[in-house]
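Listed below, chain by chain, are the residues.
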Protein chains: 2
Amino acid sequence: MGETIRFGDTAWLGERIDGLAARSDRDGESDRGVTRLLYTDSWKEAQHYLAETMKEAGLAVRWDKVGNLIGRLEGRDPQAPVVLTGSHVDTVRHGGHLDGAYGILGGIAALKKLKESRGTPERPLEVVSFCEEEGSRFPIAYWGSGNMTGSLDWRGGGDLKDEEGTSLAAAMEASGFGREDQPDSRRYDLGAFVELHIEQGVLLERMAKQIGIVEGIVGQRRYSVTLRGEANHAGTTPMNMRTDAMAGAAEMIVRLELLAARKASLVATTGRMQVAPNIPNVIPGTVEFTLDIRHDNEGTLSWFCDYLIQEYEDIANRRGLGMTITPWLATTPVPMSLELTEQAERVCAGIGLSNRRMFSGAGHDAQLFAPVCPTAMIFVPSRGGISHSPDEYTSPEQLADGVSVLASLLYELAYEETAS
Amino acid sequence: MGETIRFGDTAWLGERIDGLAARSDRDGESDRGVTRLLYTDSWKEAQHYLAETMKEAGLAVRWDKVGNLIGRLEGRDPQAPVVLTGSHVDTVRHGGHLDGAYGILGGIAALKKLKESRGTPERPLEVVSFCEEEGSRFPIAYWGSGNMTGSLDWRGGGDLKDEEGTSLAAAMEASGFGREDQPDSRRYDLGAFVELHIEQGVLLERMAKQIGIVEGIVGQRRYSVTLRGEANHAGTTPMNMRTDAMAGAAEMIVRLELLAARKASLVATTGRMQVAPNIPNVIPGTVEFTLDIRHDNEGTLSWFCDYLIQEYEDIANRRGLGMTITPWLATTPVPMSLELTEQAERVCAGIGLSNRRMFSGAGHDAQLFAPVCPTAMIFVPSRGGISHSPDEYTSPEQLADGVSVLASLLYELAYEETAS
């Protein structure tokens, strides 16, 4: 059993979270949100701010080919597998100050605390600021962790364009990355990855737990459903002579909610809808809506989606609606390392923090590392479950608790003798 | 009992319907629709084309202050109340060639036929091309018939603006109308109004009837319903912790359809929906949708809307959604003249045309005249019920049938000795 490390310097962490949040694009004075899209000026300012913060913490700083920023605390055995922590520096548009940022700055804080209190680790300890995770600028996500773990390739993003028509390759080059002479992002030296993150949900708050230990990240399916009926006059078409795409969509969305509520821990959402012609006195001829369905078990997720689509076919047939269902995202659930999960629970018990295992309903960089090396995720509560919003909030004490758990776990992984 | 007039010159009518449809704005070569918005160049060309057609038919042509075009066949008693027919020259964007146009050209055809075959009427006979009915350019409808019947005033449209910011007053002036020296639109000399129109619904086609005789025009209620929930993460918010504005809207739209189907001849439509933030992986925080509800009985219509709103309040309360329901249109059902309706039925029987009484689910110029003078409406079938579309279609023979009924009814009203 390892020693516990208690992190208490809430002022140091709070100042740096504010400092990083200040590196943001703003839509005028009243914009409280953080907007930091990949390879933009505010993104560059943020990464350089983090590089300075890493140096201040006594870490050796380097960059990789796609712009991931890495701070290293060298181990007694520099060849030993690296113990890595970190998260992403980019944000959604008008996002919060903690999503991603907390995992990087909490990681730097943990390494600083370990270096100051415990000196040189046995194995190298690193903290990474991934260049991108959200997919907010280009239609691709996990650009940083994907390139590091080999599921994405830095040469492969060339055709992807942002809203202004700038390609990912051009944006990368303009910000000084993507050069042949820069170190490859792909890593083969990883021993473990631990990501610290805000929950972005209400579970810990509602259950009054201080720490969430992620068992796994849910699998996701996303679909676009297009219904084609007849756009007719809302006044002259009797109810029994209609082929109303909106009424069909409404029945399908009600069915989605009903079926999802019956299945424990499954979530299902229609977030987007487009109606044509979208005129009050015309029966909608075409309605397109999205499905976002997530569950922690691949079999259940797959069965649910198949069953739902059958039900939708019944509804469409009964109503005489044409229907096209297009899948556009499918990920399987990703389990975290059971060994690291149990280790994190012991760490929480040692510090005296209440905790619970949980699945992450959101995607995270950690899911890219799970197939590559033992991976764990630590959550702290999010007030009201609010995220991707300027109203994102976790108290300084809760943020410090997360860093204590992270530092203690990293201590066990990097400083202690291995069991073997 | 009157004589029956049979109109058979389908070529004359067809050529002029095509001629009028050619006076249209076009979005490129492939645009088959008719777009003729109030006071635009294509509108002016259309009215002048109709003026020439009226002259060709032997009618005396004049214009009124708002741009209504009138063709008159003088009566032996020029002071007798005028028997008026006609419809509107304007269209929706990308509309069809018959909506409005048929009522004007069918009216001219009827007067031409009467003049040629029966000579001078006892009472003046007029056909009008109303400048506007659809509300497609400015946020006001029935600008022509409203000014003629006194429910609208030509000075009152000044603040209304089109999408380009041009005011109704400025557009009217630019097209040569709205001058002090032009004859007032308001009429006090009307003895009867008869409007010929395509059905814009499927009832006559499904019932295999040649003529529809309108008993009345339905009353309408329109509302905007705004639901406010919580925009949360689609992955991290369990189903039982959501306040999902989309799921609430879907339940309300399903309820609308269910309740409407139980009430004979009531129609209810959600034609428009706006979702915010409208992102696939975010639970919608706000959904706004429209209700368009119509029925022929004011008591039923009013009761239905009250009941529906109560149900919606229950749904919103159960789901914890904030709700605002804003009414923005309320018209009461308008009965047509029972005497003229029965007269039209006798005319159909005399000619040998199958017919049925029906309510109009769409609004028409006739509803403005019903409170002012005895008013009737004659429908001919619409193929597939399609209207406000380039696919609008009624066969030449069906169009001629409608003109025969109109001419026969106008003959009784304008040529025969009055019963008194």
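Residues numbered from 1 in each chain as written. Chains lettered and ligands numbered in written order. Predicted model: local features only at pLDDT ≥ 70, side-chain atom pairs only at ≥ 80, totals over all residues. Heavy atoms only, no water.

As annotated in an unreviewed UniProt entry, chain A is Zn-dependent hydrolase from Cohnella suwonensis.

> Help me get a handle on the overall build of chain A, residues and values and all.
When its secondary structure is counted, chain A shows 11 helices and 14 strands. Taking 22 Å as the expected radius of gyration for a compact globule of 420 residues, we find that chain A reaches 24 Å, a close match to that expectation. Of all 420 residues assigned to chain A, the portion counted as buried reaches 60%. Once local pairs closer than 6 in sequence are excluded, the contacts in chain A between residues at least 24 apart make up 79%. Carbon and sulfur atoms form 47% of the exposed surface of chain A, whose accessible area is close to 16,000 Å². Separation between the mean location of the 41 positive side-chain charges and that of the 60 negative ones in chain A comes to 1 Å. (Helix = DSSP H or I, 4+ residues; strand = E, 2+ residues; numbered from the N terminus. Rg over C-alpha atoms; globule rule 2.2 N^0.38 Å. Buried < 20%, exposed > 50% of the residue type's maximum accessible area, 1.4 Å probe, protein only. Contact = heavy atoms within 4.5 Å. Areas by Shrake-Rupley, 256 points an atom, 1.4 Å probe, with all protein chains shown as cover. Lys, Arg positive; Asp, Glu negative; His and termini not counted. Charge placed at Lys NZ, Arg CZ, Asp CG, Glu CD.)

> Got a sec to walk through the side chain of Ser-129 of chain B? Specific residues and values, please.
All names here are of chain B. Looking at the secondary structure, you find Ser-129 in strand β4 (residues 125–130). Judged by its relative accessible area of 0%, Ser-129 is buried. A distance of 2.6 Å separates polar atoms of two side chains, one belonging to Ser-129 and the other to Gln-47. If we ignore the near neighbours within four places in the chain, the residues touching Ser-129 are Gln-47, Leu-50, Met-54, Gly-67, Asn-68, Leu-69, Ser-87, Val-89 and Ile-104. (Polar contact = N/O pair within 3.5 Å; in protein donor to acceptor, adjacent residues only side chain to side chain.)

> Lay out the relation of the copies chain B and chain A with the relevant residues and their values.
Mapping chain B onto chain A calls for a screw motion: a turn of 180 degrees about the axis and a shift of 0.0 Å along it, with 0.0 Å RMSD after fitting. Those values place the two copies in the arrangement expected of a two-fold rotation axis. In terms of C-alpha distance to the rotation axis, chain B has Ala-250 of chain B as its closest residue, with the C-alpha 2.1 Å off the axis. A share of 100% of interface residues in chain B that are also interface residues in chain A marks the association as one of identical surfaces. (Least-squares fit on C-alpha atoms with pLDDT ≥ 70 in both.)

> Mind laying out the interface of chain B and chain A, listing which residues take part and the relevant values?
Across the contact, 52 residues belong to chain B and 52 residues belong to chain A. When the two sides are added together, the surface that chain B and chain A hide from each other amounts to roughly 4,200 Å², 60% of it contributed by carbon and sulfur. Taken as a group, Met-239, Met-241 and Pro-280 of chain B account for 15% of the area that chain B buries against chain A, more than any other trio of residues on that side. Run the count over chain B and chain A and you get 2 salt bridges. Its salt-bridge partner being Glu-257 of chain A, residue Arg-319 of chain B comes within 2.7 Å of it at the nearest N-O pair. Here chain B and chain A share 16 residue pairs in polar contact (both at pLDDT 80 or more) between them. Put simply, the parts of the chain that give the side of chain B that touches chain A at least two residues each are α6 (203–207), α7 (245–261), β8 (267–269), β9 (273–276) and β10 (286–295) of chain B. With 8 residues, the top contributor of residues to the side of chain B that touches chain A is α7 of chain B. (Buried area = accessible area lost by both parts, 1.4 Å probe. Salt bridge = Lys/Arg side-chain N within 4 Å of Asp/Glu carboxyl O.)

> Any chance you could break down the packing of helix α2 (residues 41–56) of chain A against helix α3 (residues 101–118) of chain A for me, citing the residues and the numbers?
The description of two helices packed together rests on the angle between their axes and the distance between the axes. All names here are of chain A. The N-to-C vectors of α2 and α3 enclose an angle of 15 degrees; their axes lie 9 Å apart at closest approach. Classified by the interaxial angle, the pair formed by α2 and α3 is roughly parallel. Judged by the twist between their axes, the crossing of α2 over α3 is right-handed. Contacts between α2 and α3 involve Leu-50, Thr-53 and Met-54 from the first element and Ile-104, Leu-105 and Ile-108 from the second. (Axes fitted to C-alpha atoms, helices over the stretch in contact; angles between N-to-C directions. Parallel < 35°, antiparallel > 145°, perpendicular 65-115°, else oblique. Left-handed = near helix turned anticlockwise from the far one by under 90°.)

> Explain the pairing of strand β1 (residues 60–63) of chain B to me, and be specific about the residues and the numbers.
A regular strand places its side chains so that they alternate between the two faces of the sheet. All names here are of chain B. Two elements, β1 and strand β2 (residues 69–73), share 4 bridges in a ladder whose sense is antiparallel. Opposite Val-61, over in β2, you have Gly-71 as the bridge partner. Hairpin remark: β1 followed by β2, antiparallel, with 5 residues in the connecting loop; positive phi at Gly-67, about 100 degrees. (Pairing = 2+ DSSP bridges.)

> Summarise α2 of chain A; cite the residues concerned and give the values.
Residues and elements named next belong to chain A. Between the first and last C-alpha of α2 there are 23 Å, a value that for 16 residues agrees with the 22 Å anticipated at 1.5 Å per step. The set of residues buried in α2 consists of Ser-42, Trp-43, Ala-46, Gln-47, Tyr-49, Leu-50, Ala-51, Thr-53 and Met-54. Residues of α2 that are buried in the fold lie against α1 (10–21), β1 (60–63), β2 (69–73), α3 and β4 (125–130). (Expected span 1.5 Å × (residues − 1).)

> Describe unusual backbone geometry, and please don't skip the residues or the numbers.
Residues apart from glycine generally show negative phi values, whereas peptide bonds are mostly found in trans. The peptide bond linking Ala-276 of chain A to Pro-277 of chain A adopts the cis configuration, its omega dihedral lying at 0 degrees. Mapped onto the elements of the fold, Pro-277 of chain A is located in the loop between β9 (273–276) and β10 (286–295). With a phi close to 55 degrees, Ala-208 of chain A is a non-glycine residue in the positive phi region. Structurally, Ala-208 of chain A can be placed in the loop between α6 (203–207) and β6 (211–217). Positive phi, normally seen in glycine, also occurs at Ser-265 of chain B, with a value near 70 degrees.

> Describe in detail the packing of aromatic side chains, supporting the description with residues and values.
On inspection of all chains with the given rule, the structure shows 20 aromatic pairs over all chains. Their ring planes at 90 degrees and their centres at 5.9 Å tell us that Trp-43 of chain B and Phe-177 of chain B sit as a pair that is edge-to-face. In this pair, Trp-43 of chain B is assigned in helix α2 (residues 41–56) and Phe-177 of chain B in the loop between α5 (168–174) and β5 (190–198), connecting sequence segments 134 residues apart. The same class applies to Trp-43 of chain B as to Phe-177 of chain B, namely buried. Pairwise contacts between aromatic rings join Tyr-39, Trp-43, Trp-63 and Phe-177 of chain A into one cluster. Cation over ring: Lys-65 of chain A sits above Trp-154 of chain A, and NZ or CZ is 4.8 Å from the ring centre. (Phe/Tyr/Trp six-rings, centres within 6.5 Å; stacked < 30°, edge-to-face > 60°. Lys NZ or Arg CZ within 6 Å of the ring centre and 35° of its normal.)

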